[in-house]
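One letter stands for each residue in the lines below.
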Amino acid sequence: MKASELKNRVLNNGFEEIFGVLYGKENLDKANARYANAIDEFSGIFGNDRDIELFSVAGRSEISGNHTDHNHGKVIAASIDLDIIAVASKRDDMQINIKSEGFPIDEADVSDPQPDESLFFTSKAIIGGMARGFLNDGYKIGGYDAYTTSNVFKGSGLSSSAAFEDMVGNILNYFYNDGKVSNIEIAKLAQYAENVFFGKPCGLMDQVACAVGGFVAIDFKDPKNPIVEKLDFDLTGAGYSLCIVNTGGNHADLNEDYASVPAEMKSVAAFFGKEVLRDVDERDILSNIPTLREKFGDRAVMRALHFMEENKRVTYQTEALKKGDLATFFKGVLASGDSSFKYLQNVYTTKNVSEQGLSLALCITEKVLAGRDAAWRVHGGGFAGTIQAFVKNSDVPLFKEALDGAFGTGATTVLRVRPYGAIKISK
């Protein structure tokens, strides 16, 4: 459909049903305006006489399983209603051009994409990596032009980069493979692109959560073939919102903090001749604590024990969501947060103990939501950034007022868990 026709369809509520599911019926006007503006931007860059399609890939939130995936553990994550959207048009050559709002255009010839260290940590590397991944798995590829815009804010733990990776594959999937590539496979290819072409040894949780949609339980016992289970639970229907609070903490100089978590866990695993804690028996850790303390320190032992309990929590929280048992699920959220603070110790950096935004946000949250049906914990990798809270819709104004009052207007983002991850909007 030509750009002008598709824009008219958008503005005349032609996508009311799917936009209502993705963003909520109360946000239809905002969604219509956003997509219409994206179409105008595409037309201004690539021409207004092109046949175009609309795409969306969700951001994600880690729900449970804090720092478990890198040791082949279990996690629960969810797609959210912040997303990256794309307006795209096929080309008749092997050139992919993507203009992302606020960034220079990325141009990549995907005739024969190969890893190139000079392109590490660039979007162009991701494009080439996704194309190569599709080819390696026997799928078709081709060129396209795309304009993208994202409201998945960076540094929030909501995975703007994974959403972009999935989007590159999402468009290739529908333009050249009739939508037959599963979203889980797209996520795996996104991990390949990030590992091999982008130069970052990431896990798979972010890409899967952005691509699959809804709540997903992921078991990384075999990280090359993770078990992904979509959980049929409607948070909005249950009367709750997922609130993310950005404390505005400084992420600079935290690489050592982040790296210390998997390193210490794996050092304990190595003591038992294993690469990761998933392959270690918890009883062996408990019976060797004096030696482990001496070799690796107390924090490494506590982090290892956090991993063991967190894996168990994910298991019973998964079953709770399947049954719609919010009380048990919330019990796990609170326990995960407690363990993360006390044993995993990723709520603040010891390099600057005067800055404890996450600690303060959790303290305020506990006071505001005390006695109410709710749950809260540190969000994502920790040390700075965001917390999450499951808040009853009727309590959201109270919660937002308190946390925005402490951390600034707009610090609290109220989210929905959306049932679709990577999708083509236009039919």
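Our subject is the structure listed above.
In what follows, the accompanying structure is described. These numbers were taken from a predicted model, which means no experiment stands behind them.

1. Notes on the overall build of the protein
Moving on, step 1. On a plain count of helices and strands, the protein comes out with 14 helices and twelve strands.
Moving on, step 2. When burial is assessed residue by residue, the protein has 54% of its 427 residues classed as buried.
Moving on, step 3. Long-range contacts, defined as pairs at least 24 residues apart, comprise 74% of the intrachain contacts of the protein with a sequence gap of at least 6.
Moving on, step 4. About 17900 Å² of surface is accessible on the protein, with carbon and sulfur atoms providing 49% of the total.

2. Points about the pattern of salt bridges
Moving on, step 1. The tally for this structure, following the rule as stated, stands at 29 salt bridges.
Moving on, step 2. With a closest N to O distance of 2.9 Å, D40 and K7 form a salt bridge. With D40 in helix α3 (residues 28–46) and K7 in helix α1 (residues 3–11), the pair connects residues that are 33 residues apart, well separated along the chain.
Moving on, step 3. Take D40: its relative accessible area is 37%, and that puts it in the partly exposed class.
Moving on, step 4. With a closest N to O distance of 3.9 Å, D279 and K221 form a salt bridge. Separated by 58 residues along the polypeptide, D279 in the loop between α8 (255–271) and α9 (282–287) and K221 in the loop between β6 (215–219) and β7 (227–231) bring together distant segments of the chain.

3. Things to note about the environment of S336
Moving on, step 1. Relative to the helices and strands, S336 resides in helix α12 (residues 326–344).
Moving on, step 2. When the C-alpha positions of S336 and K221 are compared, they lie 20 Å apart, and in sequence the two are 115 residues distant.
Moving on, step 3. With sequence-adjacent residues up to four places away left out, S336 is seen in contact with S64, N66, E310, R313 and R377.
Moving on, step 4. Among the polar contacts made by the side chain of S336, one reaches the side chain of E310 at a distance of 2.6 Å.

4. Re the packing of helix α6 (residues 183–198) against helix α7 (residues 205–212)
The relative placement of two packed helices comes down to the angle between their axes together with the axis-to-axis distance.
Moving on, step 1. The N-to-C vectors of α6 and α7 enclose an angle of 145°; their axes lie 8 Å apart at closest approach. The element α6 and its partner α7 pack so that their crossing is right-handed. Residue-level inspection shows N183, I184, A187, A190, Q191 and E194 of α6 in contact with α7, the latter providing Q207, V208, A211 and V212.
Moving on, step 2. The residue makeup of the contact of α6 with α7, split by class, is six nonpolar, three polar and one charged.

5. Concerning the sheet that holds strand β10 (residues 386–392)
Moving on, step 1. Here we have four strands laid out as an open sheet, ordered β9-β10-β8-β11, and antiparallel in their pairing. The open sheet is flanked by β9 (375–378) and β11 (412–415), the only strands paired with a single partner. Shown here is a sheet whose adjacent strand axes are inclined to one another by a mean of 20°, direction ignored.
Moving on, step 2. Both β9 and β10 contribute to a ladder of four bridges, which runs antiparallel. Each residue of the ladder has a partner; that of V378, found in β10, is I387.
Moving on, step 3. Strands in contact with helix α13 (residues 357–369) are β9 and β10; relative to β10, the strand with the most contacts, it is inclined by about 10°.

6. A short note on the side chain of R313
Moving on, step 1. By the element assignment, R313 lies in helix α11 (residues 298–323).
Moving on, step 2. Its relative accessible area of 8% is what places R313 among the buried residues.
Moving on, step 3. In contact with R313, not counting residues within four places along its chain, are H306, G332, A335, S336 and S339.

7. Regarding the environment of D279
Moving on, step 1. The exposure class assigned to D279 is partly exposed, which follows from its relative accessible area of 40%.
Moving on, step 2. Between the alpha carbons of D279 and K25 there is a distance of 46 Å; along the sequence they are 254 residues apart.
Moving on, step 3. If sequence neighbours within four positions are ignored, D279 has contacts with K221 and K274.

8. Side note on the environment of S260
Moving on, step 1. Positionally, S260 belongs in helix α8.
Moving on, step 2. Put simply, S260 and H70 are 190 residues apart on the chain and 12 Å apart in space, counted from C-alpha to C-alpha.
Moving on, step 3. Not counting chain neighbours up to four residues away, the residues in contact with S260 comprise R299 and R303.
Moving on, step 4. Among the polar contacts listed, one links the side chain of S260 to the backbone oxygen of D257, at a separation of 2.7 Å.

9. Quick look at the pairing of strand β3 (residues 95–100)
Moving on, step 1. Sheet analysis places β3 next to strand β4 (residues 106–109), joined by four bridges and oriented antiparallel. Across the sheet, the residue bridging to I96 is A108, located in β4.
Moving on, step 2. Hairpin connection between β3 and β4: a loop of five residues separates the two successive antiparallel strands, and G102 in this loop has a positive phi of roughly 90°.
Moving on, step 3. Pairing geometry for β3 and strand β5 (residues 144–150), over five bridges, is parallel. Following the sheet pairing, I96 is matched in β5 by Y144.

10. A few points about helix α4 (residues 123–136)
Moving on, step 1. Over its 14 residues, α4 extends 20 Å from the first C-alpha to the last, a length consistent with the 20 Å expected when each residue adds 1.5 Å.
Moving on, step 2. Positive phi appears at G138, one or two residues downstream of α4, with a value of about 85°.

11. Description of the nonpolar core
Moving on, step 1. Among the nonpolar cores identified, the biggest contains 47 residues, and I98, M130, F134, Y144, V168, I171 and I218 are the most heavily contacted of them.
Moving on, step 2. Each residue touching F134, except ones within four places of it in the same chain, is listed here: Y139, K140, I141, G169, L172, N173, N177, V181, I186 and L189.
Moving on, step 3. A78, Y240, A320 and V417 belong to the second largest nonpolar core, which has 25 residues in total.

12. Re the packing of aromatic side chains
Two descriptors summarise a pair of aromatic rings, namely the distance from one centre to the other and the angle between the planes of the rings.
Moving on, step 1. Counted by the stated rule, this structure contains 22 aromatic pairs.
Moving on, step 2. Between F271 and F296, the ring centres sit 6.3 Å apart and the planes meet at 85°, which makes this aromatic pair edge-to-face. Linking F271 in helix α8 with F296 in helix α10 (residues 289–296), this pair joins segments that are 25 residues apart in sequence.
Moving on, step 3. Classification of F271 by relative accessible area gives partly exposed; the value is 30%.
Moving on, step 4. Note on F296: relative accessible area 29%, which makes it partly exposed.
Moving on, step 5. An aromatic cluster of three or more residues is present, and its members are F55, Y144, Y174, F175 and Y176.

What counts, and at which threshold
Residues numbered from 1 in each chain as written. Predicted model: local features only at pLDDT ≥ 70, side-chain atom pairs only at ≥ 80, totals over all residues. Heavy atoms only, no water. Helix = DSSP H or I, 4+ residues; strand = E, 2+ residues; numbered from the N terminus. Buried < 20%, exposed > 50% of the residue type's maximum accessible area, 1.4 Å probe, protein only. Contact = heavy atoms within 4.5 Å. Areas by Shrake-Rupley, 256 points an atom, 1.4 Å probe, with all protein chains shown as cover. Salt bridge = Lys/Arg side-chain N within 4 Å of Asp/Glu carboxyl O. Polar contact = N/O pair within 3.5 Å; in protein donor to acceptor, adjacent residues only side chain to side chain. Axes fitted to C-alpha atoms, helices over the stretch in contact; angles between N-to-C directions. Left-handed = near helix turned anticlockwise from the far one by under 90°. Nonpolar A, V, L, I, M, F, W, Y, C, P; charged D, E, K, R; others polar. Pairing = 2+ DSSP bridges. Expected span 1.5 Å × (residues − 1). Core = buried A, V, L, I, M, F, W, Y, C linked by side-chain atoms within 4.5 Å. Phe/Tyr/Trp six-rings, centres within 6.5 Å; stacked < 30°, edge-to-face > 60°.

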